[in-house]
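Coordinate inspection notes
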Amino acid sequence: MLDYGLFKDEEQRWFCIGFIAGVLGTNPNDGPKLVTQMFPMPDKEQEVIIRAIAYSGRPDWRALLENNAAKMPLRKPLIDDFLEERRPRLQDLALDVGGAPGIYAHWGYYVATGQHEPVMRIMEALKWSKDKEESGFAFSKIFSGWGSDGGIEKVTTGGTAKWTLASYAERDRELIGLYRAEYPNQPPEVAKPLKDVIEAAELFEAESIRKDQFGAIEDAQQRQMTADAGMSKGMTAGSIAIATGCVAATALGQAQIAIPCVIGGALYTGAAKLAH
């Protein structure tokens, strides 16, 4: 992953974090050895190892992190943040605040393990996406009472969730079955966009979802910039960068992501289906 430069792009880095976390979480015996084999790793990229251990869901994640801390002396502040619970683990990430990276991490975990729980969390974020029936996006429900920055982040997270749920299901057709099974159990704000996802995935038209969500994010940015004339250039650039990340090609669209699909001699279910 490092050799292919997958840690430089936010989407791909967080996908890889989730993937490694899934490998560690589902290999209780081999996990410590796998972590040891990840070194040496440049100081900056050691964040990937730290987060993967913390996000793995292993009962011994604290001990695993502490045992490898000496190899990452410059990353002690981040390690301490996790050990002292100042940073959330994967299952506790608040997807409504800066949630797009969390979406990518959950997909990485799914691809490594084939478990449905990460997909279910992504599905929850659909309530912030745009429905295809809407001629205009009901931004009042997004921004009302949440603050300006949070509104844009929610739109971005919802768009990321909807686009990736559709595009991943084009490759992994079993996901459509999961979506259909969950559809009757979802509240209306999730069920409506989930229906769009199912239809787009069945017809291999995920690209239409991408375009709709990109438009919703652009509209949110324009509305926010109009409402807040004092927004700095730096803040504006940051929002646009988030939007660009939402609709960029996902990590599994890269051929090289198939390389880590076989780790320690084990072929991972989700990765195997998506690699085809």
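Refer to the structure above for everything that follows.
Throughout what follows, the structure given in this document is the object of discussion. This one's a predicted model, so the numbers in the text were calculated from it and none came from an experiment.

**Some points on the packing of helix α3 (residues 46-55) against helix α5 (residues 76-83)**
Interaxial distance between α3 and α5 falls to 10 Å at its minimum, and their mutual angle equals 10 degrees. In terms of orientation, α3 and α5 fall into the roughly parallel class. Contacts between α3 and α5 involve Glu-47, Ile-50, Arg-51, Ala-54 and Tyr-55 on the former and, on the latter, Leu-78, Ile-79 and Phe-82. Of the residues contributing to the contact of α3 with α5, the split by class is six nonpolar, no polar and two charged.

**Quick word on the nonpolar core**
Ranked by internal contacts, the top residues of the largest apolar core, which has 67 residues, are Tyr-55, Trp-107, Val-119, Leu-175 and Tyr-179. Excluding residues within four positions of it along the chain, Trp-107 makes contact with Phe-15, Val-119, Ile-122, Thr-164, Leu-165, Tyr-168, Leu-175 and Tyr-179. Ranked by size, the runner-up nonpolar core spans five residues in total, among them Ile-152, Ala-216, Ile-217 and Ala-220.

**A word on the layout of surface pockets**
In this structure, the second largest pocket occupies an estimated 160 Å³ of space. If you go around the second largest pocket, the residues you meet are Tyr-55, Ser-56, Gly-57, Leu-90, Gln-91, His-106, Tyr-109, Gln-115, Glu-117, Pro-118 and Arg-121. Elements supplying a minimum of two residues to the lining of the second largest pocket: α6 (100-113) and α7 (117-124). No other element matches the three residues that α7 contributes to the lining of the second largest pocket.

**Comments concerning the packing of helix α1 (residues 10-25) against α3**
The geometry of α1 relative to α3 is characterised by a closest axis approach of 8 Å and an angle of 45 degrees between their N-to-C directions. As summarised for this structure, α1 and α3 are arranged oblique, according to the angle between their axes. In this structure, α1 meets α3 at a crossing whose hand is right-handed. Each of Arg-13, Trp-14, Ile-17, Ile-20, Ala-21 and Leu-24 in α1 lies in contact with α3, whose residues at this interface are Glu-47, Val-48, Arg-51, Ala-52, Ile-53 and Tyr-55. In terms of residue class, the contact of α1 with α3 is built from nine nonpolar, no polar and three charged.

**So, the packing of aromatic side chains**
Enumeration over the complete set of coordinates arrives at four aromatic pairs. When the ring of Trp-107 is compared with that of Tyr-110, the centres are 5.8 Å apart and the planes differ by 80 degrees; the resulting orientation is edge-to-face. Placement of both Trp-107 and Tyr-110 in helix α6 is noted, with a separation of three residues, approximately one turn of the helix. Residue classification places Tyr-110 among the buried positions, given a relative accessible area of 1%. Aromatic ring contacts, followed pair by pair, group Trp-14, Tyr-55 and Phe-82 into a single cluster. In this structure, Lys-71 is placed above the aromatic ring of Phe-39, and the distance from its NZ or CZ to the ring centre is 5.5 Å. The ring of Trp-128 has Lys-154 lying over it, and the distance from NZ or CZ to the ring centre is 6.0 Å.

**Some remarks on the pattern of salt bridges**
The tally for this structure, following the rule as stated, stands at eleven salt bridges. We note a salt bridge from Glu-47 to Arg-13, for which the minimum N-O separation is 3.8 Å. Separated by 34 residues along the polypeptide, Glu-47 in helix α3 and Arg-13 in helix α1 bring together distant segments of the chain. Ionic pairing is found between Lys-76 and Asp-80, a salt bridge with its closest N-O pair at 2.6 Å. One end of the pair, Lys-76, and the other, Asp-80, are both in helix α5, four residues apart, so they sit about a helical turn from each other. What makes Lys-76 partly exposed here is its relative accessible area of 49%. On the basis of relative accessibility, which here comes to 18%, the residue Asp-80 falls in the buried class.

**A short note on unusual backbone geometry**
Cis geometry is adopted by the peptide bond preceding Pro-40, which originates at Phe-39 and carries an omega value of 0 degrees. At Glu-85, a position not held by glycine, the phi torsion is positive, near 60 degrees. Examined against the element boundaries, Glu-85 turns out to sit in the loop between α5 and α6. For Glu-85, a relative accessible area of 62% corresponds to the exposed category. Although it is not a glycine, Phe-204 adopts a positive phi angle of roughly 55 degrees. Assignment of secondary structure puts Phe-204 in the loop between α11 (188-202) and α12 (206-227). Looking at Phe-204, the relative accessible area reads 51%, which means it is exposed.

**Quick look at α5**
Taken across its eight residues, α5 has six buried, putting it largely inside the fold. Along α5, the residues classified as buried are Leu-78, Ile-79, Asp-80, Asp-81, Phe-82 and Leu-83. Next to the buried residues of α5 lie α3 and α4 (61-68). Just past α5, the residue Glu-85 takes up positive phi, approximately 60 degrees.

Conventions adopted
- Residues numbered from 1 in each chain as written.
- Predicted model: local features only at pLDDT ≥ 70, side-chain atom pairs only at ≥ 80, totals over all residues.
- Heavy atoms only, no water.
- Axes fitted to C-alpha atoms, helices over the stretch in contact; angles between N-to-C directions.
- Helix = DSSP H or I, 4+ residues; strand = E, 2+ residues; numbered from the N terminus.
- Parallel < 35°, antiparallel > 145°, perpendicular 65-115°, else oblique.
- Contact = heavy atoms within 4.5 Å.
- Nonpolar A, V, L, I, M, F, W, Y, C, P; charged D, E, K, R; others polar.
- Core = buried A, V, L, I, M, F, W, Y, C linked by side-chain atoms within 4.5 Å.
- Buried < 20%, exposed > 50% of the residue type's maximum accessible area, 1.4 Å probe, protein only.
- 1 Å grid on protein atoms, 1.4 Å probe; cavity = no way out; pocket = protein on both sides within 12 Å on 5 of 7 lines; lining within 4 Å.
- Points joined across faces, edges and corners; volume = space filled by probe spheres on them.
- Left-handed = near helix turned anticlockwise from the far one by under 90°.
- Phe/Tyr/Trp six-rings, centres within 6.5 Å; stacked < 30°, edge-to-face > 60°.
- Lys NZ or Arg CZ within 6 Å of the ring centre and 35° of its normal.
- Salt bridge = Lys/Arg side-chain N within 4 Å of Asp/Glu carboxyl O.

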